[in-house]
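Residues per chain are reported as follows:
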Amino acid sequence: MISPDLVDKVLEIHPQNLPEGSKCIGSEITYRLKHTPARISATKYIRYKYLQATPDGDPGLRSRIIIPELPDMIIKNCLADSSLLASLVVEKYVDHLPAYRQLTRFQRAGIQIPYSTMLDWISRACRLLDPLYLLLQKEILKSDYLMMDETTMRVMDKNKKGKTHRGYFWAVQSPGTNLTFFEYHTGRGQEIPKKILRNYKGYLQSDGYIGYQNLHDNQNIRLMCCMAHARRYFSDAIPNDPDRAEYAMEIFGKLYNLERNIKEINAEERFWVRQQRAKPIWEEFGHWLQKEIPKLNEKSAIYKAFAYTMGRFKKLAVYMEDPKLNIDNNPIEASIRSVAMGRNNFLFCGSHPAAQRSAMLYSFMASCKLHNINPTDWLTDVLAKISNCPKNQQKQL
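Residues numbered from 1 in each chain as written. Predicted model: local features only at pLDDT ≥ 70, side-chain atom pairs only at ≥ 80, totals over all residues. Heavy atoms only, no water.

1. A few points about the overall build of the protein chain
Within the protein chain, the secondary structure is distributed over 13 helices and eight strands. In the protein chain, which comprises 397 residues, the share counted as buried stands at 41%. In the protein chain, the share of contacts with a sequence separation of at least 24, taken over all contacts with a separation of at least 6, comes to 63%. Total accessible area computed for the protein chain in this model is approximately 25000 Å², and 51% of it derives from carbon and sulfur atoms. For the protein chain, the distance from the average site of its 56 positive side-chain charges to the average site of its 42 negative ones is 7 Å. (Helix = DSSP H or I, 4+ residues; strand = E, 2+ residues; numbered from the N terminus. Buried < 20%, exposed > 50% of the residue type's maximum accessible area, 1.4 Å probe, protein only. Contact = heavy atoms within 4.5 Å. Areas by Shrake-Rupley, 256 points an atom, 1.4 Å probe, with all protein chains shown as cover. Lys, Arg positive; Asp, Glu negative; His and termini not counted. Charge placed at Lys NZ, Arg CZ, Asp CG, Glu CD.)

Here it is as structure tokens:
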């Protein structure tokens, strides 16, 4: 279906050489989509100067020139307005278009923008957005249910000539508010999730990485694991031991079918179904795992699947105790996918500070996607307002 907003021209076509007396009985509508290459336009400001009038006989030595002020600029001495800055961000962090390709598009339009200038624009725009990024983090960490994951990003390091450093984007998502933030760190150490979640209270869902599992000493955090990760181990083990692996896949299939069936019902009914139907399936599966694991070769893929699941068996079932919890952390993996796609296109970040700026922008773009908000519209609006927005009202942005 074509949105009426897309139609900029309507052509009415009647048959030629109609026989006399013919009557119109209706019409058929057909659309043809057109494309106009993206173009950049400019606003031209002409500020008229006036010379202040002087009284008769005054030599005019103290007369002054009067000229109006320019409208507020998003960034001082910057050619780009909020719409262009927003487009640059969205094209890179949503459409995964590297900066040099964006410059090529400008060149085709007859506009020469130095590469360093474009990077400076984005960097300065990020400085404006810093307060919102901090507010976003605080808002997410107020939730009582979070998902967490991490992914790699190559970063140019001036201390490693000709080589890149493998850094990490750590992602935190609040399913209850549909908000996500990314934070860049140079490593994957266990101290990082402890630092990010130092004041957090609630459920934390993650994969089986030990950096998350070692948070068990924090009495405020209830750890839970992702069922999809356990399922994946058994899926990978099918060539190794099809009978056992496929039986396990049937168990996961039953649990996921239950989740699909209760997705739209109220919280009380969802809790009941999980307790009365999902929990017995999982307990029976646990007995089967205990019985079968002594028969397995410890170096086999099926043994690894058993060991992974049994080592996290209770944490995998935590979702059954609260209806707001998800069976897996696939939502945050979907948010991280944009980072992986960007990584395949622009390969690395230019510096560690640039990587943190990228983490900030990925945060805003991912949150827009979760709320089905056009990121270009949102960022254009925010950049136009943020400089004049009082601190106590920034949360509205």
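After presenting the structure, the write-up continues.
2. Topic: the packing of aromatic side chains
Scanning all chains against the criterion turns up 18 aromatic pairs. Ring centres 5.0 Å apart and planes at 90 degrees place the aromatic pair Tyr93 and Tyr362 in the edge-to-face group. Highlighted residues: Tyr93 in helix α1 (residues 82-93) and Tyr362 in helix α12 (residues 352-370), separated in sequence by 269 residues. With 4.6 Å between their ring centres and 10 degrees between their planes, Trp282 and Phe313 make a pair best called stacked. Pair noted here: Trp282 is in helix α8 (residues 267-292) and Phe313 is in helix α10 (residues 313-316), with a separation of 31 residues, a long-range link. (Phe/Tyr/Trp six-rings, centres within 6.5 Å; stacked < 30°, edge-to-face > 60°.)

3. Quick look at the pattern of salt bridges
In total, this model carries 14 salt bridges according to the counting rule given. Glu139 is the partner of Lys395 in a salt bridge, and the nearest nitrogen-oxygen pair spans 3.1 Å. Linking Lys395 in the segment after α13 (375-385) with Glu139 in helix α3 (residues 115-141), this pair joins segments that are 256 residues apart in sequence. A salt bridge links Arg188 to Glu150, with the shortest nitrogen-to-oxygen separation between them at 2.6 Å. Linking Arg188 in the loop between β5 (179-185) and α4 (191-196) with Glu150 in strand β3 (residues 145-156), this pair joins segments that are 38 residues apart in sequence. Judged by relative accessible area, which is 11%, Glu150 ranks as buried. (Salt bridge = Lys/Arg side-chain N within 4 Å of Asp/Glu carboxyl O.)

4. Let's talk about the environment of Ile140
Tracing the chain through its elements places Ile140 in helix α3. Separated by 60 residues in sequence, Ile140 and Tyr200 have C-alpha atoms that sit 9.8 Å apart. With near-sequence residues (within four places) excluded, Ile140 lies in contact with Leu146, Val172, Ser174, Leu179, Thr180 and Phe181.

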